[in-house]
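Per-entry structural report
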Amino acid sequence: MKFEQINRKFTEAVAEWMAKGYLINTATMSGSQGEIGKIDLTDGKEIIRVTLENFGKPVTRINERFYRLEGLELIVGRVTDKVTPNSQDALQTAWTSNLEILSSEVFYEIGRQHRNGSKWYGTREEAVAQQDKEAERYRIRYMEKQQEFPGAAKQTVLPFIRRQPKCKSVRLSEIEKITKHYSKTRTGRVFVQYVVNARGNSYTLR
């Protein structure tokens, strides 16, 4: 979904209330509370606000992974502050945080076009799936490749494992595998680590 389509939804929400006879209530629309845009409407008795807001959590944990879940929220709500419809007093403030929410629709950022920086939006599931795919591409391009050593190498690393906490009695048969890990950064620098798996845990040779 493009931002243009979100604008269309915003317009449709405003049009729905105007079709009910509501007019724009200009005085309560001055100033910004951090929203992308808002329109207040009134029938002379109450004020309805249609607003588009940013939302986001820099880090959201789902199972064992972390995600950046952010996007836009289209909110329609009834103003509960003591403001007078159709008043010319621009000092009257209708706080979005005090709205009685009538409807809300969220649009999660799922990517952007690199040529012009425009963003794409979709569901939470689509955002998670996109970040999973992005992480996998990064792993394939930059991250880890493994090489497993033959069983004979277990005897060599046994003293190292027995020096680890609560591993003094580890037997040779409890060493599951030994792997050499290669990882590469975006700058091309290569890192090598040796990892030993024993008793269900991983130990990095230092």
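Criteria and cut-off values
- Residues numbered from 1 in each chain as written.
- Predicted model: local features only at pLDDT ≥ 70, side-chain atom pairs only at ≥ 80, totals over all residues.
- Heavy atoms only, no water.
- Phe/Tyr/Trp six-rings, centres within 6.5 Å; stacked < 30°, edge-to-face > 60°.
- Buried < 20%, exposed > 50% of the residue type's maximum accessible area, 1.4 Å probe, protein only.
- Helix = DSSP H or I, 4+ residues; strand = E, 2+ residues; numbered from the N terminus.
- Expected span 1.5 Å × (residues − 1).
- Arc of directions from axis to C-beta.
- Polar contact = N/O pair within 3.5 Å; in protein donor to acceptor, adjacent residues only side chain to side chain.
- Contact = heavy atoms within 4.5 Å.

Moving on, we get to the packing of aromatic side chains. Summed over all chains, the structure comprises three aromatic pairs. Consider the rings of Trp17 and Tyr22, whose centres lie 5.0 Å apart with planes at 80°: the pair is edge-to-face. In this pair, the class of Trp17 matches that of Tyr22, namely buried. Ring geometry for Phe55 versus Tyr108: centroids 5.2 Å apart, planes at 85°, classification edge-to-face. Linking Phe55 in strand E3 (residues 47–62) with Tyr108 in strand E5 (residues 100–112), this pair joins segments that are 53 residues apart in sequence.

Helix length check: helix H1 (residues 3–18) (16 residues) gives 23 Å between terminal C-alpha atoms against 22 Å at 1.5 Å per residue, within 8%. Ile6, Phe10, Ala13, Val14 and Trp17 are the residues of H1 that are buried. Burial along H1 is one-sided: seen end-on, the buried residues are contained in an arc of 95°.

We now examine the side chain of Thr28. When you line up the elements, Thr28 lands in the loop between strand E1 (23–24) and strand E2 (37–42). A distance of 2.7 Å separates a polar atom in the side chain of Thr28 from a polar atom in the side chain of Asp40. With sequence-adjacent residues up to four places away left out, Thr28 is seen in contact with Lys38, Asp40, Ile47, Arg49, Val83, Gln92 and Ala94.

The next subject is the environment of Leu99. Along the chain, Leu99 turns up in the loop between strand E4 (65–78) and E5. Residues Leu99 and Val50 lie 49 residues apart in sequence; the distance between their C-alpha atoms is 10 Å. Ignoring any residue separated from it by four or fewer positions in sequence, one finds Leu99 in contact with Arg49, Ile75, Gly77, Arg78 and Val79.

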